[in-house]
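# Residue-level structural notes
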Amino acid sequence: MAQKINPLGFRLGVTQNDRSHWFAQQRNYSKDLREDQKIRTCIENYVRTHMKSSSNYGGIARVEISRKIDLIQVKIYIGFPNLLLIEGRGQGIEKLRNDVLNMLDSVDRKLHIAIEKVAKPYRKPNILAEYIALQLENRVPFRKTMKKAIELAEREDVEGIQIQIAGRLDGKEIARVEWDRGGRVPLQTIRARIDYCYYPVQTIYGVLGIKIWILED
C-alpha cells in the first residue's frame, strides 16, 4: 500500500500504449533501449535549440520509435511545428536526421523521421510542462503560472488536470511542494485515461520539478 508508481507504466496495456515498438534479443535489449533514450534526448535538444525563443517554444508531446531489421522509424508529435521541421520545406528534418545518426555513430543505418502536429497541444502534459518551465525561468510567480496553465488546458476541454511544483519556490530557503487542480483526476483508477509527465527546470534558485497529470476524455 501507498507505493508510488509511474502513472503511465501503471496503465500500460490498459489505457496506455508503448512509445517504443520493437523486439530484441536479450543480449541487444539494453543497447537498443539506451539508443532510444539517446534519440529522444537528441530530438528534444534540437527542437529546443532551433524553435525556442522569447515568445514561442517548441513543444514535443511524445516521440514514438519503431525498429525493423535495417530501419529505425521515428515519429515526432509536436504542438507548434516550425517551418524548418515540416516535411518538404527546408532542410530541418534532414539536419535533424544527420544529428541523430552522428549521435548513434552509424551513418550507414537507415533512419526515417516524420512530424505530426498535435491538434490540441495544451491537452498534452509535456507541452504544458514546457510552458510552465519557460514562465518559471522568466521569474513569473508559480501560483499565477499554475492557474494560467490550468486555464489553457480547460479551454481545450480536458476533464481534469493536476499540477505539482517542488523545490525552492520563489527563492525560499526551504524547499516545499505546491499543487493545484482543476476538474477531477482519479489517480487510483486504472481505467482512467491519465496522461502524465515529469519535467525538471533549472532556475537561478536551483532545480524545480514539475509534475502534471491530465485526465483525457
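Right, let's walk through the structure included here. All of these numbers come straight from a predicted model, not from anything done at the bench. (Residues numbered from 1 in each chain as written. Predicted model: local features only at pLDDT ≥ 70, side-chain atom pairs only at ≥ 80, totals over all residues. Heavy atoms only, no water.)

## Thoughts on the overall build of the protein chain
Threshold: Only runs of H or I of at least four residues qualify as helices and only runs of E of at least two qualify as strands under DSSP, and these elements are numbered from the N terminus. With a 1.4 Å probe rolled over the protein chains alone, any residue whose accessible area is under 20% of its type maximum counts as buried; one over 50% counts as exposed, and the rest are partly exposed. The contact criterion used throughout is that any non-hydrogen atoms of two residues lie within 4.5 Å. Method for areas: the Shrake-Rupley scheme with a 1.4 Å probe, in which residue coverage is limited to the protein chains shown.
Counting its secondary structure elements, the protein chain contains 5 helices and 8 strands. Walking the protein chain from its N terminus toward its C terminus, one meets helices and strands in the order α-β-α-β-β-α-β-α-α-β-β-β-β. Looking at the protein chain as a whole, 45% of its 217 residues qualify as buried. The contacts of the protein chain with a sequence gap of at least 6 include a subset with a gap of at least 24, amounting to 62%. By element, 49% of the accessible surface of the protein chain is carried by carbon and sulfur atoms, the whole surface being about 12700 Å².

## Remarks on the nonpolar core
The line we're drawing: Throughout, nonpolar core names a set of buried Ala, Val, Leu, Ile, Met, Phe, Trp, Tyr and Cys residues whose side chains join them through atoms within 4.5 Å.
Residues Leu128, Ile132, Ile163, Ile165, Ile210 and Ile212 are the most contacted members of the largest nonpolar core, which totals 25 residues. Residues Cys42, Tyr46, Ile76 and Leu104 belong to the second largest nonpolar core, which totals 20 residues.

## Concerning the environment of valine 158
Structurally, valine 158 is set in the loop between helix H5 (142-155) and strand S5 (160-167). Put simply, valine 158 and tyrosine 122 are 36 residues apart on the chain and 9.2 Å apart in space, counted from C-alpha to C-alpha. In this view, valine 158 contacts Arg123, Ala153, Ile214 and Leu215; residues no more than four positions away in its chain are not counted.

## Some details on the sheet that holds strand S4 (residues 110-117)
Condition: Two strands qualify as a pair provided DSSP detects at least 2 bridges between them. Angles here are taken between N-to-C directions and fall from 0 to 180 degrees, while the axes themselves are lines fitted to C-alpha atoms, restricted in helices to the stretch in contact.
Strand order across the open sheet formed by 4 strands is S1-S2-S3-S4, with mixed pairing between neighbours. Single-partner strands in this sheet number two, and they are strand S1 (20-21) and S4. Of the pairings in the sheet, the one linking strand S3 (residues 71-78) to S4 comprises 8 bridges and is parallel in character. From the neighbouring strand, isoleucine 78 faces S4, where its bridge partner is lysine 117. Of the strands in this sheet, S3 and S4 are in contact with helix H3 (residues 92-103), which crosses S4 at around 130 degrees.

## A word on unusual backbone geometry
In this structure, arginine 139 takes a positive phi of about 65 degrees despite not being glycine. For arginine 139, the location among the structural elements is in the loop between helix H4 (125-137) and H5. Note on arginine 139: relative accessible area 60%, which makes it exposed. For aspartate 157, which is not a glycine, the phi torsion comes out positive at approximately 65 degrees. Within the element layout of this structure, aspartate 157 appears in the loop between H5 and S5.

## Looking at the sheet that holds strand S8 (residues 206-215)
Overall, antiparallel pairing links the 4 strands, which are arranged S6-S5-S8-S7 in an open sheet. With one partner strand each, in any of the chains shown, strand S6 (176-183) and strand S7 (194-203) form the two edges of the open sheet. Taken pair by pair, the neighbouring strands of this sheet meet at an average axis angle of 15 degrees, ignoring direction. In this structure, S5 lies alongside S6, joined through 8 bridges in antiparallel fashion. Residue pairing across strands places isoleucine 163 opposite aspartate 180, the latter belonging to S6. Of the strands in this sheet, S5 and S6 are in contact with H5, which crosses S6 at around 25 degrees.

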